[in-house]
Amino acid sequence: DQQVKQNSPSLSVQEGRISILNCDYTNSMFDYFLWYKKYPAEGPTFLISISSIKDKNEDGRFTVFLNKSAKHLSLHIVPSQPGDSAVYFCASWASAGGTSYGKLTFGQGTILTVHP
Amino acid sequence: GAVVSQHPSWVICKSGTSVKIECRSLDFQATTMFWYRQFPKQSLMLMATSNEGSKATYEQGVEKDKFLINHASLTLSTLTVTSAHPEDSSFYICSARAPHRYGYTFGSGTRLTVV
């Protein structure tokens, strides 16, 4: 049961353009959503998060959008830079309880490649 | 702040031996830590939740007798892979959540290769 899905295994973008990474979830108990960046053989690095009471959160070049009715979130990176090339994971957890309480559930990841 | 240190970063061991991986929260106390496993080109899969002073909670399908977790203090959790076999070769990552923060901080991971 894949509760968090990233349907695009990879994304290729030109430097300076926008990168849009998508994520869907099925568990209605999830109320906190995070995006992580990961390089091979390293632990994930936290990028940005959003709680279910918001629909947008911005931090520099990174913006996360949340559409609760569609159970969909996206990460926008503008402008994209070659250094952004990595695997991006979305993750969710339930702060209020249920079987997912306190546990991060990850999507499969999307490999982003930003070409110079 | 909120740094999680994980050691070793890589280890090679022979089949049948045991390997211990340490996860430390350096600048905060963590009553709960999480252990994940990642296979190549796959997502991070939660293996178990480590609770300070009590037994770990394992996810379905994870052998608790093979993956021993000890959380003896508020800053240290260990994962011991017992009687390791080549199929245990993987990337193991721990994480913890610092108080008053919603984000989880991850260790740098441990690459285990069983030969």
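Our subject is the structure listed above.
This report concerns the structure included in the present document.

What follows deals with the overall build of chain B. Each helix and strand in chain B was counted, giving zero helices and eleven strands. Ordered by position in the sequence, the α and β elements of chain B form the string β-β-β-β-β-β-β-β-β-β-β. In terms of overall size, chain B behaves like a compact globule, its C-alpha atoms giving a radius of gyration of 13 Å where 115 residues would be expected to give roughly 13 Å. Seen through its principal axes, chain B has C-alpha atoms that stretch 40 × 30 × 25 Å. About 5800 Å² of surface is accessible on chain B, with carbon and sulfur atoms providing 53% of the total. With 11 positive and 8 negative side-chain charges, chain B shows a spacing of 4 Å between the two charge centroids.

Right, let's get into the environment of Ile21 of chain B. All names here are of chain B. Along the chain, Ile21 turns up in strand E3 (residues 19–25). By relative accessible area, which is 0% here, Ile21 ends up buried. It is 17 Å that separates the C-alpha atoms of Ile21 and Glu87, two residues lying 66 residues apart in sequence. Among all residues touching Ile21, those that are not within four sequence positions of it are Gln6, His7, Pro8, Trp35, Ser77, Thr78, Leu79, Tyr92 and Thr110.

On to the pairing of strand E5 (residues 45–51) of chain A. Across a regular strand the side chains alternate sides, sitting on one face of the sheet and then on the other. Most of E5 of chain A sits inside the fold, with five of its seven residues counted as buried. Counting the residues between successive antiparallel strands, the hairpin from strand E4 (residues 32–38) of chain A to E5 of chain A contains six residues, one of them, Ala41 of chain A, with a positive phi of roughly 60°.

Okay, the packing of aromatic side chains next. Per the stated rule, a full pass over the model turns up 13 aromatic pairs over all chains. Measuring from centroid to centroid gives 6.3 Å for Tyr32 of chain A and Trp93 of chain A, while their planes differ by 65°, and the two rings are edge-to-face. Taken together, the residues span a long stretch of sequence, with Tyr32 of chain A in strand E4 and Trp93 of chain A in strand E9 (residues 86–93) at a distance of 61 residues. For Tyr32 of chain A, a relative accessible area of 12% translates into the label buried. Following the ring pairs from residue to residue traces out a cluster consisting of Tyr36, Phe46, Phe89 and Phe106 of chain A together with Tyr36 and Phe106 of chain B.

Of the residues lining the interface, 19 residues belong to chain B; the matching set on chain A comes to 16 residues. The junction of chain B with chain A conceals about 1500 Å² of combined surface from both sides, 64% of it contributed by carbon and sulfur atoms. Counting across the chain B and chain A interface gives zero salt bridges. The tally of links from chain B across to chain A stands at five residue pairs in polar contact (both at pLDDT 80 or more). Elements that contribute at least two residues to the side of chain B that touches chain A include exactly strand E4 (32–38), strand E5 (44–51), strand E9 (90–97) and strand E10 (104–106) of chain B. Residue composition of the side of chain B that touches chain A, grouped by class: nine nonpolar, eight polar and two charged.

The rules we used
Residues numbered from 1 in each chain as written. Chains lettered and ligands numbered in written order. Predicted model: local features only at pLDDT ≥ 70, side-chain atom pairs only at ≥ 80, totals over all residues. Heavy atoms only, no water. Helix = DSSP H or I, 4+ residues; strand = E, 2+ residues; numbered from the N terminus. Rg over C-alpha atoms; globule rule 2.2 N^0.38 Å. Areas by Shrake-Rupley, 256 points an atom, 1.4 Å probe, with all protein chains shown as cover. Lys, Arg positive; Asp, Glu negative; His and termini not counted. Charge placed at Lys NZ, Arg CZ, Asp CG, Glu CD. Buried < 20%, exposed > 50% of the residue type's maximum accessible area, 1.4 Å probe, protein only. Contact = heavy atoms within 4.5 Å. Pairing = 2+ DSSP bridges. Phe/Tyr/Trp six-rings, centres within 6.5 Å; stacked < 30°, edge-to-face > 60°. Buried area = accessible area lost by both parts, 1.4 Å probe. Salt bridge = Lys/Arg side-chain N within 4 Å of Asp/Glu carboxyl O. Polar contact = N/O pair within 3.5 Å; in protein donor to acceptor, adjacent residues only side chain to side chain. Nonpolar A, V, L, I, M, F, W, Y, C, P; charged D, E, K, R; others polar.

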